[in-house]
Amino acid sequence: MTDYRKMWSDLGMDLEKHDLLTSALPLVYEEVYLQQKDRPQAMEYFDLVVAEIHSLRIAELVEHRRRGGKVCGAFCVFVPVEIVRAAGAIAVGLCGGSQFWIPDGEKVLPRNLCPLIKASLGARLSGTCPYFQSCDLLIGETTCDGKKKAWEVLGEFAPVYVMDLPQMKRPQDLAAWRKEIELFLAMMEELTGCRVTPERLAEEIRLQNRLRRALERLYRARKADPVPVSGKDVLLVTQVSFYDDPSRFIEKTEAVAAEAEERIASGRGVFPSGAPRILVTGTPMAIPNWKLHHIIETAGAVVICEETCTGTRFFEHQVDESGQTLEEQLQALAERYLKINCSCFTPNPGRIDDILRLVEEYRADGVIYYNLQFCHGYAIEYYAVEKALKARGIPVMKVETDYSEEDAGQLRTRVEAFLEMLR
């Protein structure tokens, strides 16, 4: 087994603290994932990714930088990774999903702030996340007030670039977002010293569309009954998509999807036919945040879809590939990314339409609205979502939590009561 400690040390990491972080992950992963019965064999690749999450991919990033390349970390699905890669850089996702990083985040941020933001900054400040340590630039965005101010703090510790996302979806907002993407392209060219050509950008647009289609194919398999793959496994696949090499990820995800399709043809599922089908909607779930899915699926139900940024919001809608010039391609990127229905937008009827559509497409028996504590946008938007679901007679339950396990017992009791009502 390769010893990566020198690589981590060269990245400026706190090795002693990093050992504490990584010592707990195998036990959690064993309980949440490896104890599942009859998992698709193709999930073995994603098990390897988690087992070596701070090793194999980091070595690739280090080698890329050694050859003069740049690595950029993004915190949001609104960052057009096609442009990052077209400029010759590698894009990786950086959202923190671990309770381990919260105390370090709270050294510079208030306690009554979203755990995702606190964990993200804590990961950088603690020197225990090699993805942060490998980045030449961190790319933030203005999707909430907490993030806007957090980027100012983070900028004291690492180079940060912030994309200004409009808060409405009028024609003038699309025009402003198109200009913002143009500025982002110019910044990436300056960072990497590489010119983004229409040919290179077209190649990356096609690649990212293929990645989206691979995830869409896997999600489509979850419409079957019995379900051929657990919600936990699909969540893991989606989480890995933010880190992995895109071409390799597409190949491995299509392998899982193909195996799932074979199971559907033979009537084989990982849950009994007729198990309660749950759609999860709300805030994103970054690695290793698997708490809610684990509670739901060990209570006898199955998560069949996620209307989240680590779900359908990430892969729905393709970028138009017909553009021949940079101007046409940037317009296509602006139009696609502005279709994402984040709660930062006002008004935001598109998200309600998405939830109602997905409930019907995936034949969900109920909806669990997942909200990270102090995420005000999604917390407030629950009012409209609940109203729309109840008007259709669709059962819904709101869950507000953080990354800790302190409320796991209480959550399990509430989830079990919700499932009993569905039955």
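What this report covers is the structure whose coordinates are included nearby.

Conventions adopted
Residues numbered from 1 in each chain as written. Predicted model: local features only at pLDDT ≥ 70, side-chain atom pairs only at ≥ 80, totals over all residues. Heavy atoms only, no water. Helix = DSSP H or I, 4+ residues; strand = E, 2+ residues; numbered from the N terminus. Polar contact = N/O pair within 3.5 Å; in protein donor to acceptor, adjacent residues only side chain to side chain. Contact = heavy atoms within 4.5 Å. Core = buried A, V, L, I, M, F, W, Y, C linked by side-chain atoms within 4.5 Å. Buried < 20%, exposed > 50% of the residue type's maximum accessible area, 1.4 Å probe, protein only. Phe/Tyr/Trp six-rings, centres within 6.5 Å; stacked < 30°, edge-to-face > 60°. Lys NZ or Arg CZ within 6 Å of the ring centre and 35° of its normal. Salt bridge = Lys/Arg side-chain N within 4 Å of Asp/Glu carboxyl O. Pairing = 2+ DSSP bridges. Axes fitted to C-alpha atoms, helices over the stretch in contact; angles between N-to-C directions. Arc of directions from axis to C-beta. Right-handed = clockwise from strand over helix to strand, strands pointing away.

### Things to note about the side chain of serine 343
For serine 343, the position within the fold is in the loop between helix H16 (326–337) and helix H17 (349–361). Only 3.5 Å separates the side chain of serine 343 from the backbone nitrogen of tyrosine 378, close enough to count as a polar contact. When neighbours within four sequence positions are excluded, serine 343 is seen to be in contact with Asn348, Gly377, Tyr378 and Glu381.

### Let's talk about the nonpolar core
Core analysis: the biggest nonpolar cluster contains 150 residues, and Phe184 and Leu236 have the highest contact counts within it. Considering every element that reaches this core, the biggest residue donor is helix H11 (residues 198–221), with eight residues. Beyond its immediate stretch of four places on either side in the chain, leucine 236 contacts Tyr29, Tyr33, Met43, Phe46, Val50, Ile287 and Trp290.

### Topic: the packing of aromatic side chains
Per the stated rule, a full pass over the model turns up 15 aromatic pairs. A centroid spacing of 4.9 Å and a plane angle of 70° characterise the contact between tyrosine 131 and tyrosine 243, whose relative ring orientation is edge-to-face. Highlighted residues: tyrosine 131 in helix H8 (residues 130–134) and tyrosine 243 in the loop between helix H12 (231–240) and helix H13 (246–266), separated in sequence by 112 residues. By the burial criterion, tyrosine 131 is buried, and tyrosine 243 matches it. Ring plane angle 35° and centroid distance 4.4 Å describe the contact between phenylalanine 242 and phenylalanine 314, whose orientation is recorded as tilted. Residue phenylalanine 242 is located in the loop between H12 and H13, and its partner phenylalanine 314 is located in helix H15 (residues 312–315); the two are separated by 72 residues in the primary sequence. Ring pairing ties together the aromatic residues Tyr29, Tyr33 and Trp290, which thus form one cluster. Over the ring of tyrosine 219 we find arginine 222; its NZ or CZ atom is 4.7 Å from the centre of that ring. Directly above the aromatic system of tyrosine 337 lies the positively charged group of arginine 336, at a separation of 4.8 Å from the ring centroid.

### Considerations on the pattern of salt bridges
One pass over the structure, following the stated rule, counts 40 salt bridges. Residues aspartate 10 and lysine 6 are paired through a salt bridge, measuring 2.9 Å at the closest nitrogen-oxygen approach. Of this pair, aspartate 10 and lysine 6 both sit in helix H1 (residues 5–10), separated by four residues, roughly a single helical turn. Comparing aspartate 10 with lysine 6 shows no difference in burial state: the two are exposed. Linking glutamate 63 and arginine 67 is a salt bridge whose minimum nitrogen-to-oxygen distance equals 3.4 Å. With relative accessibility at 29%, the residue glutamate 63 sits in the partly exposed group. Salt bridges linked by common partners bring Lys223, Glu316, Asp354, Arg357 and Glu361 together as one network.

### Re the sheet that holds strand S2 (residues 90–93)
The four strands are arranged S2-S1-S3-S4 in an open sheet whose pairing can be described as parallel. Each end of this open sheet is capped by a strand with a single partner; those strands are S2 and strand S4 (160–163). With direction set aside, neighbouring strand axes in the sheet form an average angle of 30°. With four bridges joining them, strand S1 (residues 71–74) and S2 adopt parallel strand pairing. When the bridges of S2 are listed, cysteine 72 appears paired with alanine 91. Strands S1 and S2 of the sheet are contacted by helix H4 (residues 56–66), whose axis makes an angle of about 145° with S2. In this fold helix H9 (residues 145–154) packs onto strand S3 (137–141) and S4, with an angle of close to 160° to the strand it touches most, S3.

### Considering H9
All of the buried residues along H9 are Gly146, Lys147, Ala150, Trp151, Val153 and Leu154. When H9 is viewed along its axis, its buried side chains cluster within an angular range of 155° and face the same direction. Structurally, H9 contributes buried residues whose contacts are with helix H7 (115–126), S3 and S4.

### Examining the pairing of S4
A regular strand places its side chains on the two faces of the sheet in alternate fashion. Burial along S4 is one-sided: Tyr161 and Met163 are buried, and none of Val160 and Val162, which face the opposite way, are. Alignment of S3 against S4, held across four bridges, turns out to be parallel. Opposite leucine 138, over in S4, you have valine 160 as the bridge partner. After leaving S3, the chain enters H9 and then returns to the sheet as S4, a path that is right-handed.

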